[in-house]
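Per-entry structural report
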Amino acid sequence: MNTAEALWPELAYPHWRDTAVTLHLWTQIVGKIRLALTPWLNHSWQVPLYVTSRGLGTLSIPAAREILEIEFDFIVHRLRVRTSLGAERSLLLAPQPVCEFYGHLMSLLDELGIDVSIHEIPNEVADPIPFSKDDSHRSYDAAAVHAFWRALIQADRIFKEFRTAFLGKASPVHFFWGSFDLAVTRFSGRAAPLHPGGVPGLPDSVTREAYSHEVSSAGFWPGNDVFPMAAFYSYAYPEPAGFRDRAVASGAYYEQSLGEFILPYERVRTAADPDGLVLDFLSTTYEAAAEAGRWDRALLECLPGVAGRVRPM
């Protein structure tokens, strides 16, 4: 196996666009099950999925007085549903319309005695179709999905390393099924002005709660029809004056149409030191937000963590 290719596989969005759209909708169904059963946590942190050793999973979901877990296994391409009572069901991840995936999954949950209903309209997608009626999105290219997951593994690993150098409030590294991206967020500690809302397919109340405080947020996503290119990104809310004009990592640029800094994935996967380039992008874009926004960096930052070593005081 070519080590570089295994770690940073090719991920050209146009080549797997139909599969990406279908998988996006499948992850929304699973994510909405978690949303329906889990008490609200600040900034919607109760809803994401997480990168696992086999794919993407919910981790534990409260179900009555037991635990439910749902995991996309991108090695053998099955969706696994497990409970703390020892019951397990699965369904094959293969070309099938969203309505069939939805119906099969809800039937499995019913077999397990999990009583749940979800809002069937997808979020943050153009021209949403209720899950139970969507017969048009049905693609599943197993090799492409596996490559996407392999890229997520590297992003997740580097984001977690980056997170260790911050003492202030920071999010977990998590995968938001609405926007279909992996993200990590740092907070200045100050309240933000009320967000204007208007995010397509997302209630304003959710957006405003998510952006209740000042943030510098970074992430990775595979692209979409508006921006058909896999990329790392970084933005600040509210965006401070001068943020977009700051010098950041080599190969990165401020994308006006998106309102954020972009580092194309292709530049990363072909770089001599991909880890170093991504860490430089995360650090320099955070510094741009912190400096322009006048964060108290001396109070919020620390040295990066080292495995097995207590943080020096």
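Whatever comes next refers back to the structure up there.
Note that this is a predicted model, so its numbers are computed, not measured.

Thresholds applied
Residues numbered from 1 in each chain as written. Predicted model: local features only at pLDDT ≥ 70, side-chain atom pairs only at ≥ 80, totals over all residues. Heavy atoms only, no water. Pairing = 2+ DSSP bridges. Helix = DSSP H or I, 4+ residues; strand = E, 2+ residues; numbered from the N terminus. Axes fitted to C-alpha atoms, helices over the stretch in contact; angles between N-to-C directions. Buried < 20%, exposed > 50% of the residue type's maximum accessible area, 1.4 Å probe, protein only. Core = buried A, V, L, I, M, F, W, Y, C linked by side-chain atoms within 4.5 Å.

Taken together, six strands build an open sheet; the order of strands is β7-β8-β9-β10-β12-β11 and the sheet is antiparallel. The sheet terminates laterally at β7 (174-176) and β11 (253-255), the two strands that pair on one side only. Each adjacent strand pair in this sheet contributes to an overall mean axis angle of 35°, direction not counted. When β11 meets strand β12 (residues 260-264), the two strands line up antiparallel, connected through three bridges. When the sheet's bridge partners are listed, Glu-255 is paired in β12 with Glu-260.

Attention now goes to unusual backbone geometry. The amide bond that connects Tyr-237 to the next residue, Pro-238, takes the cis arrangement and shows omega of -10°. With respect to the helices and strands, Pro-238 occurs in the loop between β10 (231-237) and β11. Here the phi dihedral of Glu-124 falls at roughly 55°; this positive angle occurs in a residue that is not glycine. Within the secondary structure, Glu-124 sits in the loop between α3 (98-111) and α4 (142-163). Of the residues examined, Glu-124 reaches a relative accessible area of 29% and is grouped as partly exposed. The backbone of Asp-127 sits at a positive phi, close to 50°, despite the residue not being glycine. Take Asp-127: it is sitting in the loop between α3 and α4.

Our next topic: the nonpolar core. Of all hydrophobic cores here, the largest spans 83 residues; its most connected members are Phe-72, Leu-105, Phe-220 and Phe-232. Ranked by the residues each element gives to this core, the list is headed by α4, at 11 residues. Judged by nonpolar contacts, the second largest core, of seven residues, contains Phe-227, Ala-231, Tyr-235 and Ile-262.

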